[in-house]
Amino acid sequence: MAKKGDMLYAWTNDAEIAKKAELGGAVTGLWKYALESKMVDAVYAIKKGKDLYDAQPVLITNPADLKDTAGSLHCGTLLLPKLVKKYLDGASKMKIGVTVKGCDVMGFLELAKRKQINLDNIVMIGVNCGGSVSPILARKMIADKFGVDPDKVHKEEIDKGQFIIEYEGGHKGISIDELEDAGYGRRTNCRRCKYKVPRQADLACGNWGVIGPRAGKATFVEVCSDKGAKLLDGAVAKGVLATEPANPKGLEIRGKVEGAMFKLGDKWRKKDFTALGANMWETINKETSRCIKCYSCIENCPVCFTAADALTKGSLMVKPGELAPNPMFHLRRFAHISDTCINCGQCEELCPMDIPLALFSHAIRVEGDTAFEPKLGASPYKN
Ligand code: FAD
Ligand code: SF4
Ligand code: SF4
Ligand code: SF4
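It should be emphasised that the depicted structure is a prediction, and the values quoted were computed from it without experimental measurement.

### Some details on the pattern of salt bridges
Line of reasoning, step 1. Following the criterion strictly, the structure yields 28 salt bridges and no others.
Line of reasoning, step 2. For Glu180, the salt bridge identified is with Arg186, shortest N-O distance 2.7 Å.
Line of reasoning, step 3. Classification of Glu180 as buried rests on a relative accessible area of 5%.
Line of reasoning, step 4. Here the salt bridges share partners, and the residues they tie into one network are Lys50, Asp51, Arg139 and Asp151.

### Quick notes on the layout of surface pockets
Line of reasoning, step 1. Volume-wise, the second largest pocket comes out at about 870 Å³.
Line of reasoning, step 2. Taken together, 35 residues line the second largest pocket, and the ones lying closest to its centre are Arg187, Gly345, Glu348, Glu349 and Leu350.
Line of reasoning, step 3. Mapped by element, the contributors of at least two residues to the lining of the second largest pocket are α3 (81-87), α5 (135-144), α7 (188-192) and α14 (346-349).
Line of reasoning, step 4. Looking at the lining of the second largest pocket residue by residue, the classes come out as 14 nonpolar, nine polar and 12 charged.

### Regarding empty space enclosed by the protein
Line of reasoning, step 1. One pass over the full model with this rule turns up three cavities of 30 Å³ or more.
Line of reasoning, step 2. In this structure, the largest cavity occupies an estimated 110 Å³ of space.
Line of reasoning, step 3. Lining the largest cavity are 14 residues, and of these Cys103, Cys129, Arg187, Cys190 and Cys193 lie nearest its centre.
Line of reasoning, step 4. Looking at the lining of the largest cavity, the elements that each hand over two or more residues are α4 (102-113) and α7.
Line of reasoning, step 5. By residue class, the composition of the lining of the largest cavity is six nonpolar, five polar and three charged.

### What to know about the site of ligand 2
Line of reasoning, step 1. Around ligand 2 sit Lys101, Gly102, Cys103, Cys129, Gly131, Ser132, Arg187, Asn189, Cys190, Cys193, Lys196 and Asn343, and those are all the residues in its vicinity.
Line of reasoning, step 2. Looking at the shell around ligand 2, its residues break down into four nonpolar, five polar and three charged.

### A few points about the site of ligand 1
Line of reasoning, step 1. In the region of ligand 1, 28 residues are neighbours, and Leu23, Thr28, Gly71, Ser72 and Asn207 sit closest.
Line of reasoning, step 2. Between ligand 1 and Thr69, the relevant distance is 3.2 Å, taken from an oxygen atom to a main-chain nitrogen or oxygen of the residue.
Line of reasoning, step 3. Between Gly71 and ligand 1, the recorded distance is 2.7 Å, taken from a backbone N or O atom to an oxygen atom.
Line of reasoning, step 4. Considering ligand 1 on its own, with 900 Å² of exposed area, one finds that the protein chains cover 97% of that surface.
Line of reasoning, step 5. Only α2 (26-36) and β2 (42-48) provide two or more residues apiece to the shell around ligand 1.
Line of reasoning, step 6. No other element matches the three residues that α2 contributes to the shell around ligand 1.
Line of reasoning, step 7. Considering only residue class, the shell around ligand 1 consists of 11 nonpolar, 15 polar and two charged.

### A look at α2
Line of reasoning, step 1. Of all the 11 residues making up α2, 10 are buried; the element is thus mostly covered by neighbouring parts of the structure.
Line of reasoning, step 2. All of the buried residues in α2 are Ala26, Val27, Thr28, Gly29, Leu30, Trp31, Lys32, Tyr33, Ala34 and Leu35.
Line of reasoning, step 3. Remark: Lys38 follows α2 within two positions and exhibits a positive phi of approximately 65 degrees.

What counts and how
Residues numbered from 1 in each chain as written. Chains lettered and ligands numbered in written order. Predicted model: local features only at pLDDT ≥ 70, side-chain atom pairs only at ≥ 80, totals over all residues. Heavy atoms only, no water. Salt bridge = Lys/Arg side-chain N within 4 Å of Asp/Glu carboxyl O. Buried < 20%, exposed > 50% of the residue type's maximum accessible area, 1.4 Å probe, protein only. 1 Å grid on protein atoms, 1.4 Å probe; cavity = no way out; pocket = protein on both sides within 12 Å on 5 of 7 lines; lining within 4 Å. Points joined across faces, edges and corners; volume = space filled by probe spheres on them. Helix = DSSP H or I, 4+ residues; strand = E, 2+ residues; numbered from the N terminus. Nonpolar A, V, L, I, M, F, W, Y, C, P; charged D, E, K, R; others polar. Near = heavy atom within 4 Å. Polar contact = N/O pair within 3.5 Å; in protein donor to acceptor, adjacent residues only side chain to side chain. Areas by Shrake-Rupley, 256 points an atom, 1.4 Å probe, with all protein chains shown as cover.

The following block contains the structure:
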């Protein structure tokens, strides 16, 4: 019987899923069992749309459709919790299995605290996350740095510190450090992120630590809750999934890689926050002066559930039609969300005026974390 804290190598016995999966296909295999056994009514995951820059959320009720969601899309920067709140009634009416990155987990926990999501009805399989790449910047990066037409690329992966593409006529890898020094690579919030193994999900799955003959063919699974243990045991008993204990050397390597990622996150925090300068409020004022008040930063923030139009009603600070908005609009927003900002990057990525919003709220949150509990990524709400 699996239990919280167990570390395993796992792989699916379903040939169709195995063919499409990123590694051992454990994530998709587990969802297949969860749907077939009715542990969940539906699975909410990501699938490739038109091309690899087009990650789409999909709600699946037929286990046969799950194969479409297998594989990792590193240019998939969606955040699922607010979509579950908005379009799936916050999981109040159905049991939903969700594949989550660290920022998704934090978003779920924040919305659950605000009673917008029913966590009892959510099963989370987490994927380790070294970072994701904005699809718009990815296209530009592939054209400028790789010298390849982005429409000719049919596969991308991040492996051993490189962003690697496969395209008609070849494959090419460039180190992430080199790409980031040139202003490409992972989203800036991802560079600062230190939530690499999502242990507040029910299971945490990844490739770090899979070594020896199983390398590239198995998924590393850490059991993080009783719910996760039950899911894993059920899938193994049904023969959907095979497992073996993780190689101890692999465990050690996984720990070292996670530690190195923390250090890298700290390096980027220092760099980005220092560049903000001593007078952060002046910088915020200057940057936000080009705001066109589209409210996208409010609509997409997982820690804010104010309806954007409610702000315009009876508010002296946010007057309809006033452009650029009164600086109080932004100060009010930062005051409202920064103490629980999870650095998911949605506000910044979806801002049509490219205002570095997540940088500001993350800097404020990190400063707040020096004095207050819980620290970012360590909500005591679950586990
Ligand atoms: P599969 O059976 O292939 O299932 C993959 C699951 O991931 C599916 O449910 C799919 O819907 C979901 N998915 C795909 N793209 C996204 C996305 N953009 N956002 C949310 N869900 C998505 N592992 C590491 O050990 N180190 C890393 O640095 C690392 N970085 C990652 C970065 C990203 C952006 C992603 C999405 C994953 C990363 N992983 C990393 C996890 C790894 O790539 C595999 O997802 C994991 O090992 C599970 O493999 P599998 O074969 O069992 O998954
Ligand atoms: Fe991954 Fe963290 Fe970026 Fe989310 S914020 S995509 S968990 S690196
Ligand atoms: Fe202003 Fe950008 Fe927010 Fe839109 S997303 S309201 S432009 S700061
Ligand atoms: Fe995410 Fe931005 Fe909201 Fe912070 S303020 S939680 S980075 S959307």
